[in-house]
Amino acid sequence: MRDRVLKKLEVLADAAKYDVSCSSSGSTRSNQGGLGNAMKAGICHSFTEDGRCISLLKVLFTNHCIYDCAYCINRRSNEVKRTTFAVEELIDLTVSFYRRNYIEGLFLSSGVIVSPDYTMERLNAVVRRLRTENRFNGYIHMKAIPGASKELVAEAGLHADRISVNIEIPSENNLKLLAPEKDYRSVYDPMNQIHEGILVSKEERMKYKKAPRFAPAGQSTQLIVGASPEPDFTILKLAAGFYRQQNLKRVYYSGFVPVNSGDNRLPAVQQPPLNRENRLYQADWLMRYYQFNYDEILDKDNLFLDPAMDPKLAYALRNPHLFPVDINNAPYEMILRIPGIGVRSAKLIVANRRFGSVSFAHLKRMGVALNRAKYFILCKELPAAGLTGLKPEQIKKKLVKNVAAQGVQLCLELY
Amino acid sequence: MIYFYDGSFEGFLTVVFEAFRCKQEPEAIIPTRSNIQIPMGEQVTIPRDDQKADRVWMAIKKKTNKKNARMLNIAFFAQEAQKEMLLWRYLKKVFTCSDPGFYQNMLDEDVNGVVDMARRVKREVHRFQGFVRFEKSVDGIYFAPIDPDHDIVRLLTSHFKARYADQPWVIYDTKRNYGIYFDTEKVLEVVIDDPNFDINTGNLKDHAKDHDQDHYRHMWQAYYDAINIIERKNHRQMKNYMPKRYWKYLPEKNKR
C-alpha cells in the first residue's frame, strides 16, 4: 500500500514538472492554532538538478485527461502510466512533508477527468479538508481548471493563497491549432473572475477585518515559448496586458520541451530554448521592477530580444542620447535604466548621495556591475577614464564579447 | 588595549561600555575561548555585566532606532574574524558623530561593513528556514541537525515556533554543539552530551526513530528525483542556490 503511494507520487510529480511556477510568496496567512503559516517573501526549500527552486509539493491530482493538447505530456493519445491520488493520500503527503520542513505547501494541478467541474470539485475537496480538518495554514497554489463553473472557482479562492490559469500558447489561433478543445475564453473567464474576486475581497476587508480572503497571493499564468511562432514582442505585449488588466502577480515563460515527438504541428527542436526563455524573464523583470513599458523593450522593428545581451543593455545601446547618466543628480527612474545597476543599488545611490558625492569605489561596494555600468555613468572620477565618450557600436564590441563568453553555451543550445 | 570577553553579545556591549568609560581605545576585542592569534599589547579581561550592556543597548536604540539596534544584534552573530572591531568602529562613530542620521550613511566604510555583515547573516537565516530538515523521533519530537556558517540557531527560533506551534522540535547546531528545543510552550537552549543521532549524517539512530520516518524520507527523495527535468540540467545554477557545504543534512542530496 505504501509502495503504491510512492509509485503514484513518482508518476504525478513527473507529470506536473513542466509547470514552471514555484513561488510561495505574497501571502501572510498566519498560524491560528494549527499547522503552518505563509511567509510574505516565500521560502525555497531545495533546488532541483536543473537549478529550479522547490518550495511546494507540486503534483497533479490525476494525469488522466480527456483533452489532447499537442504540447502536453499528459494528452489523451499518449501512452503513459496513468494514476490518480486518493484525497487522503495527498493530504497525508502534504502534512507529513510539511512537518519535516521539506516544503512550503502544496501546488495542486490536474489533468481533466469526466468534466472540468468534476475535476475542480476533486481539487477543492483536497484543499477544503486541508484547511478545515487539518487546520493547515501553509501555502496552497491551485490551478483553476479552464471551463469550471464560477461557484467552484469561487470556493477555490477561499482556500488557496494563489490561483493560476495557464494561457499556454501566446495567440488564440495557435492555441486552437495545438489544443483544439480549448479557446481563450475558457482561460480569460476564470482569470477575470479571480481578478474580480480579489478586488472585492480587498474592499470588504477594508470595511470588515474578518471578511474572507480571496487568493491573497494573487494569480499567475504560464505560457510556452517556442511551441508556436509568435515573436517576443507579441509575448511581452500579452504579458504587459496581464499585468495591467488582470493585475497578475507573475507570468511564467516555459521554454518548449519537446515531450511528444512526431507531431508535425510542433517544431522539431532538440533542446528547450533556454536562452530565449532567460531573456524573456529579464524583459519581464524590466516591466515589473524597472518601470519599463513593453514597447520600450521591443517594437515593430525589433521583434525579438537580442540573444547576445540582456534587454536593458540593448535598450541603452539603442538610446545613446539618454546616457551617460549623472548618478549624483539624476532621478531614480533614470538611474534604474543604467545597465549594471539593480533596484537595490539604485535605491542606495539615491538614499546616500545626500551624505556626499557617490564615487566609483562606493558603487563597487554597493554591488554595481561596473564592467557594464562604467560606459553609461558620470561620477566624479569617470570622465578621466574616458569611457563615456564611446559610440554604441564601440561599447557593444567591448561588452558583447564579455557577454558572449558567458552566453556561448546557452546560445549553442538555442541554435 | 586588548580586550577579552566571554563571546556573548552582552559581553561585547560591556566591553564597549568599559572602553568608553576608561577612554582606552581597543586594538583588538577577542572572545576568551577562541584560537585567534593574540597581538602584542596590554590585555584586560572584561566580565559580562548585563546592567552595563543594557545601558549601551538603550543608548544604541536612542541614537539610532529599534530596527537598527536589531540589525547590529544580527550582525554580531556573524562568524567572521574582526567582527568586534568593525562593530566597535561603527559604534564609536555613531556615538560621537554630530549628524543624527549618520548611522544610515552607506558611503561610510564601517556603516557599509556592518550592514553588509548583517545581510550575510540574514541571508543564511533565510536559507535555513528552507534547508532545515526534521526527522520524527520515537517520542514524537522533530529533530533537525544544522551546520551553518554563522551562529544563527537562535535567529531561527521565532520562525519555527510560529510555524510548528503544535509539534515539539529541536534544531541543533552540530558544530557549535548547542541547539534550541521547543516543547510546544516554551523555548529552551539545550546541549546534547549523549547524542542519539549520527553526527556525520544527522540521521536519528534506529532505536530513536519513529517507524514512519524512513518512509517519508524515501518519498521525499523520490519526489526530488521525479521533479527534475533532464533536458534542462543545470548543475552550476543548482549549486549556486544550494552550495555543497549545506548538503550534509539534506536527505535529497544523500544516499537513496
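Every chain's residues receive numbers from 1 upward, in the order its sequence appears when written. Each chain is given a letter, starting from A, and each ligand a number, starting from 1, according to the order in which they appear as written. Where totals are concerned, whole chains, interfaces and linings use all residues; where local detail is concerned, this predicted model gives features only for residues with pLDDT of at least 70, and gives and counts side-chain atom pairs only at 80 or more. Derived side-chain values reflect all non-hydrogen atoms in the structure, with water molecules and hydrogen atoms excluded from consideration.

Brief notes about unusual backbone geometry
So, step 1. Residues Phe-323 of chain A and Pro-324 of chain A are joined by a peptide bond in cis, for which omega reads -5°.
So, step 2. Relative to the helices and strands, Pro-324 of chain A resides in the loop between helix H10 (311-318) and strand S9 (325-326).
So, step 3. Phi at Asn-247 of chain A takes a positive value of approximately 55°, unusual for a residue other than glycine.
So, step 4. Mapped onto the elements, Asn-247 of chain A comes out in the loop between helix H7 (232-245) and strand S8 (250-255).
So, step 5. Unusually for a residue other than glycine, Asn-177 of chain B sits at a positive phi of about 55°.
So, step 6. Secondary structure elements are taken from DSSP: a helix is a run of H or I of four residues or more, a strand is a run of E of two residues or more, and numbering for both begins at the N terminus. By the element assignment, Asn-177 of chain B lies in the loop between strand S6 (169-173) and strand S7 (178-182).
So, step 7. Burial here depends on accessible area, computed with a 1.4 Å probe over protein chains only, as a share of the maximum for the residue type. Under 20% is buried, over 50% is exposed, and the range in between is partly exposed. Note on Asn-177 of chain B: relative accessible area 38%, which makes it partly exposed.

Details of the nonpolar core
So, step 1. Throughout this description, the term nonpolar core refers to a set of buried Ala, Val, Leu, Ile, Met, Phe, Trp, Tyr and Cys residues connected via side-chain atoms within 4.5 Å. One finds Val-59, Phe-97, Tyr-253, Ile-338 and Phe-376 of chain A together with Tyr-223 of chain B to be the most contacted residues of the largest nonpolar core, which totals 193 residues.
So, step 2. Here this core takes nine residues from helix H5 (residues 109-131) of chain B, the largest share from any one element.

Overview of helix H6 (residues 185-207) of chain A
All names here are of chain A.
So, step 1. Between its first and last C-alpha atoms H6 spans 33 Å; for 23 residues at 1.5 Å apiece the expected length is 33 Å, and the two agree.
So, step 2. All buried positions along H6 are accounted for by Ser-186, Val-187, Pro-190, Met-191, Gln-193, Ile-194, His-195, Gly-197, Ile-198 and Ser-201.
So, step 3. Lining the buried residues of H6 we find helix H4 (150-159), strand S6 (162-164), strand S7 (219-225) and H7. By definition here, a helix of n residues has an expected span of 1.5 Å times n minus one. Contacts were defined at the residue level, with two residues in contact if any of their heavy atoms lie within 4.5 Å.

Concerning the side chain of Asp-310 of chain A
So, step 1. Here Asp-310 of chain A shows up in the loop between helix H9 (294-297) and H10.
So, step 2. Look at Asp-310 of chain A and you get buried, because its relative accessible area is 13%.

A look at H10 of chain A
So, step 1. Of all eight residues in H10 of chain A, seven are buried, a share of seventy percent or more.
So, step 2. Looking at H10 of chain A, one finds that the buried residues are Pro-311, Lys-312, Leu-313, Ala-314, Tyr-315, Ala-316 and Leu-317 of chain A.

Remarks on the sheet that holds strand S4 (residues 135-136) of chain B
All names here are of chain B.
So, step 1. Any two strands with at least two DSSP-identified bridges between them are counted as paired. Spatially, the five strands line up as an open sheet ordered S4-S5-S6-S7-S8, and their pairing is mixed. In this open sheet, the two edge strands, each paired with only one partner strand, are S4 and strand S8 (187-190).
So, step 2. In this structure, S4 lies alongside strand S5 (residues 142-146), joined through two bridges in antiparallel fashion. Each residue of the ladder has a partner; that of Lys-136, found in S5, is Tyr-142.

With respect to the domain arrangement of chain B
All names here are of chain B.
So, step 1. Residue ranges assigned to the domains are those given by an automatic or database domain assignment. We note that the domain assignment places domain 1 (2-124) and domain 2 (132-253) within chain B.
So, step 2. Here the C-alpha centroids of domain 1 and domain 2 sit 32 Å apart.
So, step 3. Of the roughly 810 Å² buried where domain 1 meets domain 2, counting both sides, 57% is carbon and sulfur surface.
So, step 4. Note: buried area is the sum, over both parts, of the accessible area (probe 1.4 Å) each one loses when the two are combined. Together, Phe-77, Gln-79 and Glu-124 form the three largest contributors to the area buried by domain 1 at its contact with domain 2, with a combined 76%.
So, step 5. For this document, the term salt bridge refers to a Lys or Arg side-chain nitrogen within 4 Å of an Asp or Glu carboxyl oxygen. Put simply, domain 1 and domain 2 have zero salt bridges between them.
So, step 6. Counted as a polar contact is a pair of N or O atoms within 3.5 Å, where, for protein atoms, one must be capable of donating a hydrogen and the other of accepting one, and residues adjacent in sequence contribute only when both atoms are in side chains. On the surface where domain 1 and domain 2 come into contact, there are six residue pairs in polar contact (both at pLDDT 80 or more).
So, step 7. Mapped by element, the contributors of at least two residues to the side of domain 1 that touches domain 2 are helix H3 (66-76) and H5.
So, step 8. Broken down by class, the residue content of the side of domain 1 that touches domain 2 amounts to four nonpolar, one polar and four charged. Just so you know the grouping, Ala, Val, Leu, Ile, Met, Phe, Trp, Tyr, Cys and Pro go in nonpolar, Asp, Glu, Lys and Arg go in charged, and all remaining residues, Gly too, go in polar.

With respect to the sheet that holds strand S3 (residues 56-60) of chain A
Residues and elements named next belong to chain A.
So, step 1. The strand order across the open sheet built from six strands is S3-S4-S5-S6-S7-S8, with neighbouring strands paired in parallel fashion. The outermost strands of the open sheet, each flanked by one partner alone, are S3 and S8. Each adjacent strand pair in this sheet contributes to an overall mean axis angle of 20°, direction not counted.
So, step 2. Looking at chain direction, S3 and strand S4 (residues 105-109) are connected through five bridges and run parallel. Along S4, the bridge assignment pairs Leu-60 with Ser-109.
So, step 3. Each of S3 and S4 is contacted by helix H2 (residues 87-99), which is oriented at about 165° to S3, the strand it contacts most. Only the stretch in contact is used when a helix axis is fitted, and all axes are lines through C-alpha atoms; the angle between N-to-C directions ranges over 0 to 180 degrees.

Remarks on the domain arrangement of chain A
Residues and elements named next belong to chain A.
So, step 1. Taken domain by domain, chain A consists of domain 1 (2-297) and domain 2 (311-414).
So, step 2. Taken over C-alpha atoms, the centre of domain 1 sits 36 Å from the centre of domain 2.
So, step 3. Contact with domain 1, which involves 15 residues of that partner, is made by 16 residues of domain 2.
So, step 4. Taking both partners together, domain 1 and domain 2 bury about 1400 Å²; carbon and sulfur atoms supply 63% of that area.

Quick notes on the packing of H7 of chain A against helix H8 (residues 274-289) of chain A
Between two packed helices, both the angle of their axes relative to each other and the distance between the axes serve to describe the pair.
Residues and elements named next belong to chain A.
So, step 1. One way to put it is that H7 packs onto H8 with a least axis distance of 11 Å and a crossing angle of 40°. With respect to H8, the element H7 is oriented oblique. Here H7 runs over H8; the crossing is right-handed. Of the residues in H8, those in contact with Asp-232, Ile-235, Leu-236, Ala-239, Ala-240 and Tyr-243 of H7 are Arg-276, Leu-280, Ala-283, Asp-284, Met-287 and Arg-288. Each angle receives one of four descriptions, namely roughly parallel if under 35 degrees, roughly antiparallel if over 145, roughly perpendicular if within 65 to 115, and oblique otherwise. Here is the rule for handedness: rotate from the far helix to the near one, and if that takes an anticlockwise turn smaller than a right angle the crossing is left-handed, while a clockwise turn gives right-handed.

Some remarks on the interface of chain A and chain B
One frequent convention defines the size of an interface as the accessible area lost when the parts assemble.
So, step 1. On the side of chain B, 56 residues touch chain A, which itself brings 59 residues to the contact.
So, step 2. Between chain A and chain B, the buried area comes to about 5200 Å², and carbon and sulfur atoms account for 54% of it.
So, step 3. The largest per-residue losses of area from chain A upon contact with chain B belong to Glu-49, Arg-100 and Tyr-102 of chain A, which jointly make up 15% of the total buried on that side.
So, step 4. Our count for the chain A to chain B interface comes out at six salt bridges.
So, step 5. Put simply, Asp-116 of chain B and Arg-344 of chain A hold a salt bridge, and the shortest N to O gap is 3.9 Å.

Focus on the packing of helix H2 (residues 50-63) of chain B against H3 of chain B
Residue and element names in this part refer to chain B.
So, step 1. Where H2 meets H3, the axes come as close as 7 Å, and the angle between the chain directions of the two elements is 130°. As summarised for this structure, H2 and H3 are arranged oblique, according to the angle between their axes. Classified by chirality, the crossing of H3 by H2 is right-handed. In this structure, H2 contributes Trp-57, Ile-60 and Lys-61 to the contact, and H3 contributes Lys-66, Ala-69, Arg-70, Leu-72 and Asn-73.
So, step 2. Looking at the contact of H2 with H3 residue by residue, the class counts come to four nonpolar, one polar and three charged.

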